[in-house]
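What follows is the residue order along each chain.
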Amino acid sequence: MLTETARGLYCPDGDFFIDPWQAVDRALITHAHGDHARPGSAAYLCTPGTAALLRRRLGADTVIETVEYRTGRRIGDVSVSFHPAGHVLGSAQIRIEGPDGVWVVAGDYKRAADPTCAPFEPVRCDTFITESTFGLPIYRWDDTAVVMRDIMGWWNGNREAGKTSVIFCYTLGKAQRLLAELAALTDHTVFVHGMMLGMIEAYREAGVELPEVKPVIESKGRSRASFGGELVLAPLSARGTPWMRRLGTISDAFASGLMRVRGVRRQRAYDRGFVISDHADWPALLQTISETGAGRVLATHGHAEPLARHLAASGLESGIIRTAWEGEPTGD
Ligand SMILES: [Zn+2]
Ligand SMILES: [Zn+2]
């Protein structure tokens, strides 16, 4: 039903690509992260939530058709529907039913609750294409409530020491999730890097409730010391830039599943690592694969080979799918 091509996963029966990494005639998009939604395609099909983010990323004149979750659509000789993936706003698994049975392309997904997007729904299928960003047994996430308590404790400690707390995180997904989780714990206004405002606004326009934020850029009249005690969210690209200077004495942290690994924490040299991920951890990958009932599982992104080996050892037909993106995952 789906074949690997130089431009990405292709469905000949429907003449479309899924998350192609080059421009194509028709692209079905699981979600708006940069390694899944590339510019230049003639037409895009995705959920309304993803469309709201794509218009910001790819420009207002991009041709985007939307389809609601769980709504079937005929394309060529196959029937296609989008189902919640729980990864970021609008994220979807794409189900394709055709002559070769039912396939599901999960895209990126997680099973932990996230107030900013619809929860993952398992979809029964014959062939399941799963992400494997964190496809190793070492990757296990704590409850979000535990992580948020750690963040609040760290922030309070920094405030008492007169330091500014800076959390580096992805601009699309993680920032909004943290803001929504923080809003449940504090009334204190959170500052954000100006680069984060666009996606926060896009979430709001799509109907996601987020607390008020203040951009650091508009607060530059403040003296250096006056950010002491505040919490600032910033994109990874801001680390080490002159922008940081206006924040005064800081304690910095990275919010990512990558922070599970001590070696990575040490190498990146953040003061703190908060293990909070928008991807499935190892137990969630295995649970999800089992819930799909799929007899064949193909793994892609990150640790595809160890996951495929583990599945083969437990009696499933398994394989891996190459990706043009072998670098660091987006939205980890
Ligand atoms: Zn993603
Ligand atoms: Zn991804």
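Whatever comes next refers back to the structure up there.
What counts and how
Note that residues are indexed from 1 along each chain, following the sequence as it is written. In the order they appear in the text, chains get letters beginning with A and ligands get numbers beginning with 1. Only residues with pLDDT of at least 70 get local features here, since the model is predicted, and only at 80 or more are side-chain atom pairs given and counted; chain-wide, interface and lining totals rely on the full set of residues. Note that water and hydrogens are dropped before the side-chain values are worked out from all heavy atoms of the structure. To define a nonpolar core, start from buried Ala, Val, Leu, Ile, Met, Phe, Trp, Tyr and Cys residues and group those joined through side-chain atoms within 4.5 Å. A 1.4 Å probe rolled over the protein chains alone gives each residue an accessible area, and that area as a share of the maximum for its type sets the label: buried under 20%, exposed over 50%, partly exposed in between. Helix and strand definitions here come from DSSP, where helices need a minimum of 4 consecutive H or I residues and strands a minimum of 2 consecutive E residues; each element is numbered from the N-terminal end. Any two residues having at least one pair of non-hydrogen atoms within 4.5 Å are treated as being in contact. Shown as donors are all N, O and S atoms within 2.8 Å of a metal ion, widened to 3.2 Å for Na, K and Ca; because water is not in the atom set, sites may appear incomplete. Here a site with four donors is tetrahedral if all angles are between 85 and 135 degrees, and a site with four or six donors is square planar or octahedral if opposite donors are over 155 degrees apart and the other angles are between 65 and 115; anything else gets the irregular label. The term polar contact refers here to a pair of N or O atoms within 3.5 Å; inside protein, the definition further demands a hydrogen-donor-capable atom paired with an acceptor-capable atom, and it admits residues adjacent in sequence only when both atoms are side-chain atoms. Think of it this way: a Phe, Tyr or Trp ring, Trp meaning its six-membered ring, pairs with another when their centres are within 6.5 Å, and the plane angle makes it stacked under 30 degrees, edge-to-face over 60, tilted otherwise. The criterion for a charge sitting over a ring is simple: Lys NZ or Arg CZ within 6 Å of the ring centre, and within 35 degrees of the ring normal. The span one expects for a helix is its residue count, reduced by one, times 1.5 Å. This arc is built from the directions going out from the helix axis to the C-beta atoms.

1. Describing the nonpolar core
Right, on to step 1. Judged by nonpolar contacts, the single largest core of 46 residues is most densely connected at L54, I167, L178 and L233.
Right, on to step 2. Elements supplying a minimum of two residues to this core: β5 (43–46), α1 (48–58), α2 (144–160), α3 (174–183), β13 (190–192), α4 (197–205), β15 (231–234) and β16 (250–255).
Right, on to step 3. In terms of residue count, the dominant contributor to this core is α2 (six residues).
Right, on to step 4. Filtering out sequence-adjacent residues up to four positions away, I167 remains in contact with I151, W154, L178, L231, V232, L233, A234, A253 and A255.
Right, on to step 5. Within the second largest apolar cluster, 22 residues are counted, among which are C11, I75, A92 and I129.

2. Quick look at the coordination of the zinc ion (ligand 1)
Right, on to step 1. The protein atoms that coordinate the zinc ion (ligand 1) are H31 (NE2), H33 (ND1), H87 (NE2) and D108 (OD), at distances of 2.2 Å.
Right, on to step 2. In this structure, the zinc ion (ligand 1) is coordinated by four donor atoms arranged in irregular fashion, with angles at the metal of 89 to 166°.
Right, on to step 3. Taken in chain order, the donor set of the zinc ion (ligand 1) reads H-x1-H-x53-H-x20-D.
Right, on to step 4. Since its relative accessible area comes to 2%, H33 is described here as buried.

3. What about the side chain of T47?
Right, on to step 1. The residue T47 is located in the loop between β5 and α1 in this model.
Right, on to step 2. A distance of 3.2 Å separates the side chain of T47 from the side chain of T50, its partner in a polar contact.
Right, on to step 3. A distance of 2.7 Å separates a polar side-chain atom of T47 from the backbone oxygen of G90.
Right, on to step 4. The residues touching T47, leaving out its near neighbours within four places in the chain, are T66, V67, Y69, F82, G90 and A92.

4. Some points on the coordination of the zinc ion (ligand 2)
Right, on to step 1. The protein atoms that coordinate the zinc ion (ligand 2) are H36 (NE2) and D108 (OD), at distances spanning 2.1 to 2.2 Å.
Right, on to step 2. Separating the zinc ion (ligand 2) from the zinc ion (ligand 1) is a distance of 3.6 Å, and D108 supplies a donor atom to each of them. One end of the pair, H36, is in the loop between β4 (26–28) and β5; the other, D108, is in the loop between β10 (101–105) and β11 (127–131), and 72 residues separate them in sequence.

5. Focus: the packing of aromatic side chains
Right, on to step 1. According to the stated counting rule, one finds ten aromatic pairs in the structure shown.
Right, on to step 2. These aromatic residues form a ring-pair network of at least three members: Y109, F120 and F128.
Right, on to step 3. Here R159 stacks its cationic end above the ring of W155, 5.0 Å away from the centre of that ring.
Right, on to step 4. Above the face of the Y270 ring, R239 is positioned so that its terminal group lies 3.7 Å from the ring centre.

6. Some thoughts on unusual backbone geometry
Right, on to step 1. A positive phi is found at R70, a non-glycine position, where the angle reads about 65°.
Right, on to step 2. Within the chain, H301 stands out as a residue other than glycine whose phi angle is a positive 75°.
Right, on to step 3. With respect to the helices and strands, the residue H301 is situated in the loop between β18 (296–300) and α7 (304–313).

7. Here's the deal with α2
Right, on to step 1. If you check α2, its first and last C-alpha atoms are 24 Å apart, about what 17 residues at 1.5 Å a residue would give, namely 24 Å.
Right, on to step 2. For α2, every residue scored as buried is listed here: T144, V147, M148, I151, M152, W154, W155 and N158. Burial along α2 is one-sided: seen end-on, the buried residues are contained in an arc of 165°. Exposed residues on α2 whose side chains face more than 90 degrees from its buried face are A145, R149 and E160.
Right, on to step 3. Check the buried side of α2 and you find it contacts β12 (164–168), α3, β15, β16 and β17 (272–274).

In short, the description is geometric, and any link to function would need to be established separately.
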